[in-house]
Amino acid sequence: MQDIRPLHTWPNFKGLPYLIAGPCSAETPDQVRNTCAQIASGGKINLLRAGVWKPRTRPGHFEGIGEAALPWLQEASLATGLPLTVEVATAKHVEVALKYGVDVLWIGARSTVNPFTVQEIANALQGVDIPVMVKNPINPDLALWIGALERLYQAGLRSLAAIHRGFSALGVQKYRNPPQWQLALSLKSQLPSIPLFFDPSHTGGKRNLIYPLSQKAMNLNYEGLMIESHQRPDEAWSDAAQQLTPADLNTMLAQLCVRKTSVSDESENLFLEELRQRIDAQDRELIEILTARMELVEDIGYFKKAHNLAIFQRERWTEVFKTRPEWALELGLSAAFVEKLFLLIHDESINIQTSTFKKNLSENPFAEDKSKL
Ligand code: PEP
Ligand code: MN
């Protein structure tokens with residue numbers, strides 16, 4: 001897939017994360033004014049955020065003030081000197097947001113899932129030069145996320161960014177929307193020039209998770225963060241559990257360690273390079289060992305076929321999944337990791353033996369003693 005190259009670059013990417021903060025929802029003139037002023041006084045935030053049209057999962061909850069909140073936000077933006085972003089979900093939202101001079105738009109997770117909605121927004125933005133940030137769809141579907149960026153690109157929008165806010169999951173979880181980091185990193189590797197921001201608020205869903213999640217995003221080299229902040233979080237009309245006071249937000253940001261992508265010292269670079277070369281050699285060895293293991297698996301497949309044995313043997317499976325995590329622990333590795341790894345290895349072993357069952361017994365190229373087969 002071709003990379004989408006934004007013509008404009010986002011401001012402030014000078015090794016510092018692009019920071020977006022503001023309340024989940026604009027509620028009252030006073031809440032918008034005070035929250036935004038306190039956020040701006042920390043001097044770290046690049047863009048103010050607030051929802052005026054709120055996509056609530058079930059009806060009967062606060063669904064946003066709507067257009068009436070935009071003058072309050074406009075005023076806060078003027079007073080703080082910070083640009084403003086709001087969420088848009090329909091062509092009408094786009095029209096109203098543009099009328100009030102909103103600087104940046106974002107498309108929410110519930111809109112990204114729907115190509116009709118995204119197309120409607122893209123059509124409404126035809127010929128408009130405004131940055132647009134696209135949150136991941138609520139379901140872990142990378143193509144849908146990329147597709148939304150492509151629809152905007154096709155409409156002529158060039159200043160695009162992606163926001164990773166986690167993916168919905170069944171049951172009680174540590175995170176409100178588990179991050180599934182690999183998926184966002186995969187977006188980053190396919191579209192390297194699109195800035196990737198992280199939203200720890202909707203991912204974590206709880207105040208105490210905002211710092212560790214933000215730090216993780218910095219460790220993974222995300223280009224920015226979008227964080228919800230409210231003057232009195234517990235009284236917030238939406239997402240009360242996950243909002244930080246502006247003071248806590250500023251303390252949290254001061255604690256964040258922003259990682260670099262390279263070291264300037266040549267000898268340190270060489271040291272890293274050397275370690276990576278050793279890893280490369282070990283990975284090669286790992287693959288050779290796996291290849292040899294799979295050859296044995298295939299031998300066993302021929303044996304099972306010759307003796308009409310089932311591929312899956314419960315006792316053997318139990319033994320493998322008891323011993324391997326134990327060995328891992330003995331050697332200082334995580335038992336859960338090794339269990340996951342062996343689930344993959346076992347799955348591939350079953351695939352190999354299944355194809356062995358379709359072959360002729362005389363085809364086994366690995367059996368040392370074919371008389372046993
Ligand atoms: C929000 O940012 O307030 C919001 C509704 O987020 P999401 O689309 O990620 O649920
Ligand atoms: Mn919210």
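Conventions we followed
- Residues numbered from 1 in each chain as written.
- Chains lettered and ligands numbered in written order.
- Predicted model: local features only at pLDDT ≥ 70, side-chain atom pairs only at ≥ 80, totals over all residues.
- Heavy atoms only, no water.
- Domains from an automatic or database assignment.
- Near = heavy atom within 4 Å.
- Polar contact = N/O pair within 3.5 Å; in protein donor to acceptor, adjacent residues only side chain to side chain.
- Areas by Shrake-Rupley, 256 points an atom, 1.4 Å probe, with all protein chains shown as cover.
- Nonpolar A, V, L, I, M, F, W, Y, C, P; charged D, E, K, R; others polar.
- Patch = residues over 30% accessible without salt bridge, like charges linked within 9 Å, V, L, I, M, F, W, Y side chains within 5 Å.
- Salt bridge = Lys/Arg side-chain N within 4 Å of Asp/Glu carboxyl O.
- Helix = DSSP H or I, 4+ residues; strand = E, 2+ residues; numbered from the N terminus.
- Buried < 20%, exposed > 50% of the residue type's maximum accessible area, 1.4 Å probe, protein only.
- Core = buried A, V, L, I, M, F, W, Y, C linked by side-chain atoms within 4.5 Å.
- Contact = heavy atoms within 4.5 Å.
- Donors = N, O, S within 2.8 Å, 3.2 Å for Na, K, Ca; no water.
- Pairing = 2+ DSSP bridges.
- Phe/Tyr/Trp six-rings, centres within 6.5 Å; stacked < 30°, edge-to-face > 60°.
- Lys NZ or Arg CZ within 6 Å of the ring centre and 35° of its normal.

### Some words on the domain arrangement of the protein
A common measure of how large an interface is: the accessible area buried when the components associate.
Inference 1: Per the domain assignment, the segments of the protein are domain 1 (7-255) and domain 2 (266-372).
Inference 2: For domain 1 versus domain 2, the distance between C-alpha centres works out to 44 Å.

### Considerations on the site of ligand 1
Inference 1: In the vicinity of ligand 1 lie 13 residues, with R49, K54, A109, K135 and R165 positioned nearest.
Inference 2: In the model, an oxygen atom of ligand 1 is placed 2.7 Å from a nitrogen or oxygen of the R49 side chain.
Inference 3: One nitrogen or oxygen atom from the side chain of R110 is found 2.9 Å from an oxygen atom belonging to ligand 1.
Inference 4: Isolated, ligand 1 exposes 300 Å² of accessible area, and the fraction of that covered by the protein chains is 97%.
Inference 5: Looking at the shell around ligand 1 residue by residue, the classes come out as 4 nonpolar, 2 polar and 7 charged.

### Re a nonpolar patch on the surface
Inference 1: A surface patch of nonpolar side chains, amounting to about 260 Å² of accessible area, comprises L333, F337 and L341.
Inference 2: Topologically, L333 is positioned in the loop between α12 (314-331) and α13 (335-357).
Inference 3: Accessibility expressed as a relative area gives 43% for L333, which makes it partly exposed.

### Re the nonpolar core
The nonpolar side chains of a soluble globular protein tend to be buried, and buried together.
Inference 1: Ranked by size, the top nonpolar core spans 66 residues in total, and within it L70, L73, L125, W145, L152 and L187 carry the most contacts.
Inference 2: At 6 residues, helix α6 (residues 142-154) tops the list of elements feeding residues into this core.
Inference 3: Excluding residues that lie within four positions of it along the chain, L73 makes contacts with A26, V32, A50, V52, L84 and V86.
Inference 4: By size, the runner-up hydrophobic cluster in this structure holds 10 residues, among which are I20, W106, M133 and F197.

### Considering the coordination of the manganese ion (ligand 2)
Inference 1: Looking at the metal site, the manganese ion (ligand 2) is ligated by C24 (SG), H202 (NE2), E228 (OE) and D239 (OD), spaced 2.0 to 2.4 Å from it.
Inference 2: One chain supplies every donor for the manganese ion (ligand 2), spaced along it as C-x177-H-x25-E-x10-D. With a gap of 37 residues between them, H202 in helix α8 (residues 200-204) and D239 in the loop between β8 (224-228) and α10 (246-255) connect regions that are remote in the sequence. Neither residue differs from the other here; H202 and D239 are each classed as buried.

### What to know about the pairing of β8
Inference 1: With respect to burial, β8 is a largely interior element, 5 of its 5 residues being buried.
Inference 2: Side chains G224, M226 and E228 of β8 all project onto a buried face; the interleaved residues L225 and I227 project onto the opposite face, where all are buried too.
Inference 3: Of the strand pairs in this sheet, strand β7 (residues 196-198) and β8 are connected by 2 bridges, and their pairing is parallel. Note on β8: the bridge partner recorded for F197 is G224.

### Topic: the side chain of S111
Inference 1: Within the fold, S111 resides in helix α4 (residues 109-112).
Inference 2: Judged by its relative accessible area of 6%, S111 is buried.
Inference 3: Ignoring any residue separated from it by four or fewer positions in sequence, one finds S111 in contact with E87, A89, T117 and V118.

### So, the packing of aromatic side chains
Inference 1: All told, the structure shown has 7 aromatic pairs when counted by the stated rule.
Inference 2: A centroid spacing of 5.7 Å and a plane angle of 75 degrees characterise the contact between F198 and Y222, whose relative ring orientation is edge-to-face. In this pair, F198 sits in strand β7 while Y222 sits in the loop between α9 (210-219) and β8, placing the two residues 24 residues apart along the sequence.
Inference 3: For Y222, a relative accessible area of 5% translates into the label buried.
Inference 4: Members of the aromatic cluster, joined through ring pairs, are W181, F198 and Y222.
Inference 5: Its end group placed over the ring of Y153, R158 keeps NZ or CZ at 3.6 Å from the ring centre.

### Notes on the pattern of salt bridges
One side chain can pair with another of opposite charge once the charged atoms of both are near each other.
Inference 1: Taken as a whole and assessed by the stated rule, the structure comprises 14 salt bridges.
Inference 2: Among the salt bridges present, the one from K135 reaches D199, with a minimum N-O distance of 2.7 Å. Of the two residues, K135 is situated in strand β5 (residues 132-135) and D199 in the loop between β7 and α8; the sequence distance between them amounts to 64 residues.
Inference 3: The exposure class of K135 is buried, given its relative accessible area of 4%.
Inference 4: In this structure, E315 engages R314 in a salt bridge whose closest nitrogen and oxygen atoms are separated by 3.9 Å.

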